[in-house]
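Listed here are the chains, written in short residue letters.
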Amino acid sequence: MCSSDLDAKIWRGSSESIAVGVIEHADIVFPRGRYDKLQATATVNDPLMAPLTRGDVVGSVQVRLKGELISEFNLHALEDAAEGSFFSRTLDDLMMMFE
């Protein structure tokens, strides 16, 4: 599995999103001719709150073949996410009440 970067919403941070992805090498073995039947689903912990450090586990990626789970990998923060200002944290706290 190659590491494709995804963006995930982050609350109470200095930015609105953070890049996430798989950082470990991931080999997946499956029957020949079944590549089109593979499905990868990324799940991000919700809510994702700042501060975060590069490498923190923030979710998982599940790989399925015809609906059967064949592999699962941790999803990591690919960058640091600093805590936002007092104003932005307060605004995010208010917005989370309506999510």
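What this report covers is the structure whose coordinates are included nearby. (Residues numbered from 1 in each chain as written. Predicted model: local features only at pLDDT ≥ 70, side-chain atom pairs only at ≥ 80, totals over all residues. Heavy atoms only, no water.)

## Observations concerning unusual backbone geometry
What you tend to see is this: most non-glycine residues have negative phi, and most peptide bonds are trans.
Logical step 1: Look at the link from D46 to P47: it is a cis peptide, with omega at 0°.
Logical step 2: Along the chain, the position of P47 falls in the loop between β3 (38-44) and β4 (57-65).
Logical step 3: In this structure, P51 follows A50 across a cis peptide bond, with omega equal to 5°.
Logical step 4: Secondary-structure assignment places P51 in the loop between β3 and β4.
Logical step 5: Although it is not a glycine, R12 adopts a positive phi angle of roughly 65°.
Logical step 6: Within the secondary structure, R12 is located in the loop between β1 (6-9) and β2 (17-21). (Helix = DSSP H or I, 4+ residues; strand = E, 2+ residues; numbered from the N terminus.)

## Overview of the environment of E99
Logical step 1: Relative to the elements of secondary structure, E99 occurs in the segment after α1 (86-96).
Logical step 2: When its relative accessible area of 73% is taken as the criterion, E99 is described as exposed.
Logical step 3: It is 10.0 Å that separates the C-alpha atoms of E99 and P47, two residues lying 52 residues apart in sequence. (Buried < 20%, exposed > 50% of the residue type's maximum accessible area, 1.4 Å probe, protein only.)

## Quick look at a negative patch on the surface
Logical step 1: Judged by side-chain charge, D5, D7, E79 and D80 come together as a negatively charged surface patch.
Logical step 2: Assignment of secondary structure puts D7 in strand β1.
Logical step 3: Assessed through its relative accessible area of 63%, D7 is described here as exposed. (Patch = residues over 30% accessible without salt bridge, like charges linked within 9 Å, V, L, I, M, F, W, Y side chains within 5 Å. Areas by Shrake-Rupley, 256 points an atom, 1.4 Å probe, with all protein chains shown as cover. Salt bridge = Lys/Arg side-chain N within 4 Å of Asp/Glu carboxyl O. Lys, Arg positive; Asp, Glu negative; His and termini not counted. Charge placed at Lys NZ, Arg CZ, Asp CG, Glu CD.)

## Quick look at the packing of aromatic side chains
Logical step 1: One pass over the full model with this rule turns up zero aromatic pairs.
Logical step 2: A cation sits over an aromatic face here: K9 above W11, 4.3 Å from the ring centre. (Phe/Tyr/Trp six-rings, centres within 6.5 Å; stacked < 30°, edge-to-face > 60°. Lys NZ or Arg CZ within 6 Å of the ring centre and 35° of its normal.)

## Observations regarding a nonpolar patch on the surface
Logical step 1: Taken together, F87, L91 and M95 make up a surface patch of nonpolar side chains, about 320 Å² in accessible area.
Logical step 2: By the secondary structure assignment, M95 is in helix α1.
Logical step 3: Judged by its relative accessible area of 41%, M95 falls in the partly exposed class.

## Remarks on the nonpolar core
Logical step 1: Among the nonpolar cores identified, the biggest contains 16 residues, and I10, I18, V20, L48, L52 and V58 are the most heavily contacted of them.
Logical step 2: Those elements that provide at least two residues to this core are β2, β4 and β5 (68-77).
Logical step 3: For L52, the residues in contact, after removing those within four places along its chain, are I10, I18, V58, D80 and A81. (Core = buried A, V, L, I, M, F, W, Y, C linked by side-chain atoms within 4.5 Å. Contact = heavy atoms within 4.5 Å.)

## Considering the pairing of β2
Logical step 1: Burial within β2 is extensive, with four of its five residues counted as buried.
Logical step 2: Two strands pair when backbone bridges link them, and β1 and β2 are joined in this way by four bridges, in the antiparallel orientation. When the bridges of β2 are listed, L6 appears paired with V20.
Logical step 3: As paired elements, β2 and β5 share two bridges and run antiparallel to each other. Within β5, the position partnered with V20 by the bridge is A77. (Pairing = 2+ DSSP bridges.)

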